[in-house]
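For reference, the chains in residue letters:
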Amino acid sequence: MTPVKVAELRRMKELSEFDEVELRALAAAMTEGNYTDGEQLVRKGDRADGLFIILSGSVDISVVNDGTRQVVATLQVGESFGHLALVEDHRRRADVEAVGDVRAAMLSRRAFDLLYWKANPTSQRFQVWVARQLARDGRRVTDTLYRVLQDLAAGGDSLNAAASLREVTLPM
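My aim in this report is to walk through the structure given alongside it, one point at a time.

Here is what the cut-offs are and how they apply
Residues numbered from 1 in each chain as written. Predicted model: local features only at pLDDT ≥ 70, side-chain atom pairs only at ≥ 80, totals over all residues. Heavy atoms only, no water. Buried < 20%, exposed > 50% of the residue type's maximum accessible area, 1.4 Å probe, protein only. Helix = DSSP H or I, 4+ residues; strand = E, 2+ residues; numbered from the N terminus. Arc of directions from axis to C-beta. Contact = heavy atoms within 4.5 Å. Polar contact = N/O pair within 3.5 Å; in protein donor to acceptor, adjacent residues only side chain to side chain. Phe/Tyr/Trp six-rings, centres within 6.5 Å; stacked < 30°, edge-to-face > 60°. Pairing = 2+ DSSP bridges.

**Thoughts on helix α2 (residues 20–29)**
One turn of the α-helix equals 3.6 residues, which is why residues spaced by three or four share an orientation. Every buried residue of α2 is listed here: Leu-23, Leu-26 and Ala-27. The buried residues of α2 occupy an angular sector of 100° when the element is viewed end-on, so they sit on one face. Among the exposed residues of α2, those pointing more than 90 degrees away from its buried face are Val-21 and Ala-28. Contacts made by the buried residues of α2 are with α1 (6–10), β7 (95–108) and α3 (109–116). The N-cap of α2, judged by a side-chain oxygen 3.1 Å from the amide nitrogen of Val-21 a few residues on, is Asp-19.

As structure tokens, then:
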């Protein structure tokens, strides 16, 4: 793994609000990985340990349903995945595989924690707490929707599906 260049982060739309000092700090905390066609960046079930930003190439995000691999999203240059890994300990929910040659920047949870706590710890502690709550709420909603969709795909009762959905409250 090699360090990430500030110039590459500067081109990322998601990071357009970061100033030069913030981009330098972020680049210093990240590492760059190179992946070949078909190589997995993450595997479903692995411990989620960081955020990835695609620097070149593209990746497929896929899940296996009934023994068949289904691509649920394709991410291109400048897009990212793994945000929840920065604030919550969990397992990966999908496989992410390189399509052609891919370069990706990775910010580990540990590097994020070190970077994040360097400034005002009190306000940041509160922000992380809120983010973790939102992550848990989002995961609960996602898990319920996933279960309902699986039940419906297997011929389940739509009334039971509606009842399950009513039990879920979206985070506000």
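**Quick word on the packing of aromatic side chains**
Tallied over the full model, the rule gives 1 aromatic pair. Taking the centre distance of 4.9 Å and the plane angle of 5° together, the rings of Phe-52 and Phe-81 count as stacked. With Phe-52 in strand β4 (residues 50–65) and Phe-81 in strand β6 (residues 80–81), this residue pair connects regions lying 29 residues apart in the sequence. Each of the two residues, Phe-52 as well as Phe-81, counts as buried.

**Considerations on the environment of Gly-57**
Within the secondary structure, Gly-57 sits in strand β4. In this structure, the C-alpha to C-alpha distance between Gly-57 and Tyr-35, residues 22 residues apart in sequence, is 9.5 Å. Residues within four places of Gly-57 in sequence aside, it is in contact with Leu-75, Gln-76, Val-77, Asp-101 and Val-102.

**Quick word on the pairing of β4**
Buried residues dominate β4, accounting for 12 of its 16 residues. Where β4 and β7 come together, 11 bridges link them in antiparallel fashion. Bridge pairing links Gly-50 to Ser-108 in β7. The pairing of β4 with β6 spans 2 bridges and is classified as antiparallel.

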